[in-house]
Amino acid sequence: MTIENKVMLITYADSLGRNLQETAELLEKHFTDTIGGVHILPFYPSSADRGFAPLTYSEVDPDFGSWDDIALMSKDFYLMYDFMINHISRSSEYFNDFKNNKDQSPYADLFIRYKDFWPGGEPTQEDVDAIYKRKPRAPYIDVTFADGSTEKIWCTFDEEQVDLNLYTETTKEFVKHHLKGLSERGASIIRLDAFAYATKKIGTSCFFIEPDTWEMLDEVKEILEPYGVELLPEIHEHYSIQMKLAEKGYWVYDFALPMLVLHALYSGKSERLAHWLTICPRKQFTTLDTHDGIGIVDVADLLTPKEIEETKNNLFSQGANVKKVYNTLAYNNLDIYQLNCTYYSALGDDDDAYVLARAIQFFTPGIPQVYYVGLLAGKNDIELLEETKVGRNINRHYYSREEVEENLERPVLKRLFNLMRFRNSYPVFDGELTVVDTGVPSKLELTWNYGDLRASLQADMVTRQYTVHYVDEVTGEEIQLKDV
């Protein structure tokens, strides 16, 4: 199924219902008019990081279901799959074979061995300092082989996520084999996770290296094109990198929008948000919430350092059941780039503020993505957070089928779904956006035009009230969308 300009759901395979079958049934029963596509977060067998340390891409984790369940979902929705181009699981057959057979392993060239990468086998302190790291030291794990020898192997993220060497023919074939397999199994779009870490060269940051990164993306795009599968490179960084990707025709993420909308609603001022909506890429997927946190680094220079700090502080003071300690070592969370909170709770569990935030998202250029917790206007899950002591779990509640259906009766969801139905069914969002200069800092006005069709969002950041007016496709009359 080809990509449609309709709201896309982001969900784990076991969080909107217990498994893929229940997810598919819930979506078919309740969401065919509000959801057009589904990004199923990694559903492969995995050893860590909630699916992002895959053992293989050939199988569906049996705890979640089977390829048949995914095929069933693909009848009603276009699907996005993840491919972790930077790494594979330390527990995978590939790495185990390497540990057992070392140089004789057919997979030896999949991995980056310090002894081969660095002159003399070790980086200098200057080399280490230059690397864009996720740990406060050189990125590696010590590996003991079956023959008793030990080596340092490149590892950027969790110790279960061993980096791949994208420069070898062995890895290029590995990538091609699995991307073809996913393309043949129903993917409409593949999200290339952590791609900016995948290119590595001595004397660089080993992050988004040019031209290496572009060469890698071109190779992936070439693999996918015969299948009609699109590519979405995923990166959390300065917004200018998203602009670079967009200039070359790639789909991108709008990870700046979440903080900009929070800033507007906390401060009552819309200028920063309006500026971004004027310049942001048009071929993009928009977000307010994802399985990760609310990005900070993405909004640098779109907000001043003072405005970023004020927005972070307002999250903790105006948000519901969110504390600074949840973003510390006490909760296994030292990621300075993100804040962990559901978007509904970031807005104080306030229905008006939340529905307005979604209205702004749906009028932002691009295809809107709504995370499953956000789909149900979910509050912070303090119980799961305290049980696991993992900061990100505050926004990763497990919804049973019964819990999903109970939530559907809440007024905030009826209002949200009304907006989603309008966004999916009214074709004006294939047209052009005008960000109207209202002259009033608290006011935001967004107008879309497409042929004879027009839709306008007029919103007040202080009162958190809004209206949507649109031209009726049949009568040509201007109508106000009812807020049920």
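Above this text you will find the structure in question.
Residues numbered from 1 in each chain as written. Predicted model: local features only at pLDDT ≥ 70, side-chain atom pairs only at ≥ 80, totals over all residues. Heavy atoms only, no water.

**So, the overall build of the chain**
Within the chain, the secondary structure is distributed over 17 helices and 19 strands. A compact globule built from 484 residues would reach a C-alpha radius of gyration of about 23 Å, and the chain, at 23 Å, matches this within 12%. Its C-alpha atoms give the chain principal-axis dimensions of roughly 75 × 50 × 45 Å. Across the 484 residues that make up the chain, the buried fraction comes to 59%. As presented, the chain carries roughly 19,300 Å² of accessible surface, and 47% of it is formed by carbon and sulfur atoms. Here the chain contributes 48 positive and 79 negative side-chain charges, whose respective centroids are spaced 3 Å apart. (Helix = DSSP H or I, 4+ residues; strand = E, 2+ residues; numbered from the N terminus. Rg over C-alpha atoms; globule rule 2.2 N^0.38 Å. Buried < 20%, exposed > 50% of the residue type's maximum accessible area, 1.4 Å probe, protein only. Areas by Shrake-Rupley, 256 points an atom, 1.4 Å probe, with all protein chains shown as cover. Lys, Arg positive; Asp, Glu negative; His and termini not counted. Charge placed at Lys NZ, Arg CZ, Asp CG, Glu CD.)

**Examining the side chain of Asp127**
With respect to the element layout, Asp127 can be found in helix α5 (residues 125-130). Although Asp127 is buried, it makes no salt bridge; Lys133 carries the closest opposite charge, 11 Å away. Beyond its immediate sequence surroundings of up to four residues, Asp127 is in contact with Trp118, Ile202 and Gly203. (Salt bridge = Lys/Arg side-chain N within 4 Å of Asp/Glu carboxyl O. Contact = heavy atoms within 4.5 Å.)

**Re the sheet that holds strand β10 (residues 252-254)**
The strands that make up a sheet pair up through hydrogen bonds in the backbone, lying either parallel or antiparallel. Strands sit in the order β9-β8-β3-β2-β1-β14-β11-β10 across an open sheet of eight strands; the sheet is parallel. Two strands lie at the open edges of the sheet, namely β9 (230-233) and β10, each paired on one side alone. In this sheet, adjacent strand axes meet at a mean angle of 30° when their direction is disregarded. Pairing between strand β2 (residues 37-40) and strand β3 (residues 78-84): three bridges, direction parallel. Bridging across to β3, His39 finds its partner in Met80. (Pairing = 2+ DSSP bridges. Axes fitted to C-alpha atoms, helices over the stretch in contact; angles between N-to-C directions.)

**Looking at the nonpolar core**
Residues Phe43, Phe83, Ile85 and Phe111 are the most contacted members of the largest nonpolar core, which totals 149 residues. Contact partners of Phe111, with chain neighbours within four places excluded, come to Ile88, Tyr94, Phe95, Phe98, Ile153, Val162, Asp163, Leu164 and Asn165. (Core = buried A, V, L, I, M, F, W, Y, C linked by side-chain atoms within 4.5 Å.)

**What about the pairing of strand β15 (residues 432-436)?**
The pairing of β15 with strand β16 (residues 443-450) spans five bridges and is classified as antiparallel. Bridged to Leu433 within β16 is Trp448. The hairpin turn running from β15 into β16, its antiparallel successor, is six residues long, and Gly439 in that turn takes a positive phi close to 75°.

**Topic: the packing of aromatic side chains**
In total, this model carries 39 aromatic pairs according to the counting rule given. Geometrically, the ring pair formed by Phe208 and Trp214 is edge-to-face, given 5.5 Å between the ring centres and 85° between the ring planes. Owing to a relative accessible area of 10%, Trp214 belongs among the buried residues under this scheme. Centroid distance Phe429 to Trp448: 5.7 Å. Interplanar angle 65°. Geometry classified as edge-to-face. One end of the pair, Phe429, is in the loop between α17 (411-425) and β15; the other, Trp448, is in strand β16, and 19 residues separate them in sequence. (Phe/Tyr/Trp six-rings, centres within 6.5 Å; stacked < 30°, edge-to-face > 60°.)

**Some thoughts on the pattern of salt bridges**
In total, this model carries 32 salt bridges according to the counting rule given. A salt bridge links Glu234 to Arg191; the nearest nitrogen and oxygen atoms lie 3.7 Å apart. Highlighted residues: Glu234 in the loop between β9 and α8 (239-247) and Arg191 in strand β8 (residues 189-193), separated in sequence by 43 residues. Taken as a pair, Glu234 and Arg191 share a single burial class, namely buried. Its salt-bridge partner being Asp460, residue Lys443 comes within 2.9 Å of it at the nearest N-O pair. Taken together, the positions of Lys443 in strand β16 and Asp460 in strand β17 (residues 453-460) put the pair 17 residues apart, joining distant regions of the chain. Since its relative accessible area comes to 37%, Lys443 is described here as partly exposed. You can call Asp460 buried: its relative accessible area is 11%.

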